[in-house]
Amino acid sequence: MAGRVAGKVVLLTGGAMGLGKAATKALMAEGATVIITDIDEAAGRATAAELGCGYIKQDVTDWARWQEVIAEVEAKHGRLDVLVNNAAITVFGSIADISVEDFKRCYTVDVDSIFMGCKAAIPLMAKSGGGSIVNFSSAAGNKVSPDLAAYNSAKAAVVTLTKSIALYCAREQNGVRVNSVQPGTILTPNVESVIAGTPDPDATRAAFSVAQPIGRMGEVEDIAHLVVYLASDESKFATGAPFIVDGGLSIA
Ligand SMILES: NC(=O)c1ccc[n+]([C@@H]2O[C@H](COP(=O)([O-])OP(=O)(O)OC[C@H]3O[C@@H](n4cnc5c(N)ncnc54)[C@H](O)[C@@H]3O)[C@@H](O)[C@H]2O)c1
């Protein structure tokens, strides 16, 4: 099949819904073979059936499971060209409100998982002749709020972790590039439910929209197109970089 990522084998975490599902669709449309993983088995299987991608059940915080997942991809496909570390959670709370346990939980899902994913995947990607890793940060790693202490700092950590791993891969000359993406507020089901759960959803929707100088929230395709670019050889000179696609949120 022709396409911008034709023939590439992609492993994408948290692909059952939202940005991961949209990226899977876009990658498949450009010729990639995509295997999604997700902790939510029902949603993961439903998305795999709908899109025709592979599905593996995975909790991205489990190191042993990461090694099994990579071994399964190698056994079935013989190679790995792209890893998209998309799975994450948003934990709300200020320094006063958030418990130590919830702070740690946010870091385990949002940061430790990316460390583990890269650690597990890089040897197979190097063996495959190189590839591209896309780590999901957020504009929330740049623009902070008093009520997002864990998420803001975890997403900032993803940018710096990505740079360190990118330099390691460059030093090894293993052909693996590693970049991070920083979306602004994108209207996913997750964001829809956050809006719906606030006392005045219409006011929240308006506030979420104007937070972006461009005047609206993003669409999932805005980020899916970026993932396709980073997964493809079109981005072959890009590594260690945070790619900000946020309607101007980070600079406002
Ligand atoms: N939606 C936004 O506005 C926005 C903005 C900036 C960054 N992001 C980032 O983009 C990524 C995707 O966002 P989304 O809104 O589509 O998220 P989402 O919550 O809709 O989807 C995340 C997926 O990850 C899965 N998941 C959660 N914990 C997991 C675990 N331990 N193991 C495996 N899977 C797990 C969930 O089941 C879900 O399917 C996240 O990294 C998020 O932080 C989102």
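Because the structure is a prediction, the values reported are computed rather than measured.

1. Some points on the packing of helix H1 (residues 18-29) against helix H2 (residues 41-51)
Where H1 meets H2, the axes come as close as 11 Å, and the angle between the chain directions of the two elements is 25°. When the axis of H1 is compared with that of H2, the two are roughly parallel. As for the relative orientation of H1 and H2, their crossing is right-handed in sense. Counted together, Lys21, Thr24, Lys25 and Met28 of H1 and Thr47, Glu50 and Leu51 of H2 form the full contact between these two elements.

2. Focus on the nonpolar core
Soluble, globular proteins show a tendency: their nonpolar side chains are buried together. If you look at the biggest cluster of nonpolar residues, it comprises 37 residues, and the most contacted ones within it are Leu11, Trp66, Ile70, Leu80 and Ile133. Counting residues per element, the ones that place at least two in this core are strand S1 (9-13), helix H3 (63-77), helix H4 (100-127), helix H5 (149-172) and strand S6 (176-183). When residues of this core are assigned to their parent elements, the largest contribution, ten residues, is made by H4. Filtering out sequence-adjacent residues up to four positions away, Ile70 remains in contact with Leu11, Leu80, Ala120, Ala121 and Leu124. With 32 residues, the next largest nonpolar core counts Ala22, Cys53, Val134 and Leu230 among its residues.

3. Looking at the environment of Phe237
Position of Phe237 among the secondary structure elements: in the loop between helix H8 (220-231) and strand S7 (242-245). In this structure, the C-alpha to C-alpha distance between Phe237 and Arg177, residues 60 residues apart in sequence, is 8.5 Å.

4. Things to note about unusual backbone geometry
Positive phi, close to 55°, is recorded for Gln173, a residue that is not glycine. Along the chain, Gln173 falls in the loop between H5 and S6. Residue class for Gln173 comes out exposed when judged on its relative accessible area of 69%.

Thresholds applied
Each chain carries its own residue numbering, running from 1 in the written order of its sequence. At least 70 in pLDDT is required for a residue's local features to be given in this predicted model, at least 80 for side-chain atom pairs to be given and counted, and no such filter applies to totals for whole chains, interfaces and linings, which use all residues. Side-chain figures throughout are based on the complete set of non-hydrogen atoms in the structure, without hydrogens or water. Simply put, an axis is a line fit to the C-alpha atoms, just over the touching stretch for a helix, and the angle between two N-to-C directions goes from 0 to 180 degrees. Segments assigned H or I by DSSP are reported as helices when at least four residues long, segments assigned E as strands when at least two residues long, and all are numbered from the N terminus. Put simply, angles under 35 degrees are roughly parallel, angles over 145 are roughly antiparallel, angles from 65 to 115 are roughly perpendicular, and the rest are oblique. What makes a crossing left-handed is the near helix being turned counterclockwise from the far one by less than a right angle; a clockwise turn instead makes it right-handed. Only heavy atoms matter for contacts: two residues are in contact if any of them lie within 4.5 Å across the pair. The nonpolar core is taken to be a set of buried Ala, Val, Leu, Ile, Met, Phe, Trp, Tyr and Cys residues, with the residues joined through side-chain atoms within 4.5 Å. Any residue under 20% of the maximum accessible area for its type is buried, any over 50% is exposed, and the rest in between are partly exposed; the area is computed with a 1.4 Å probe on protein chains only.

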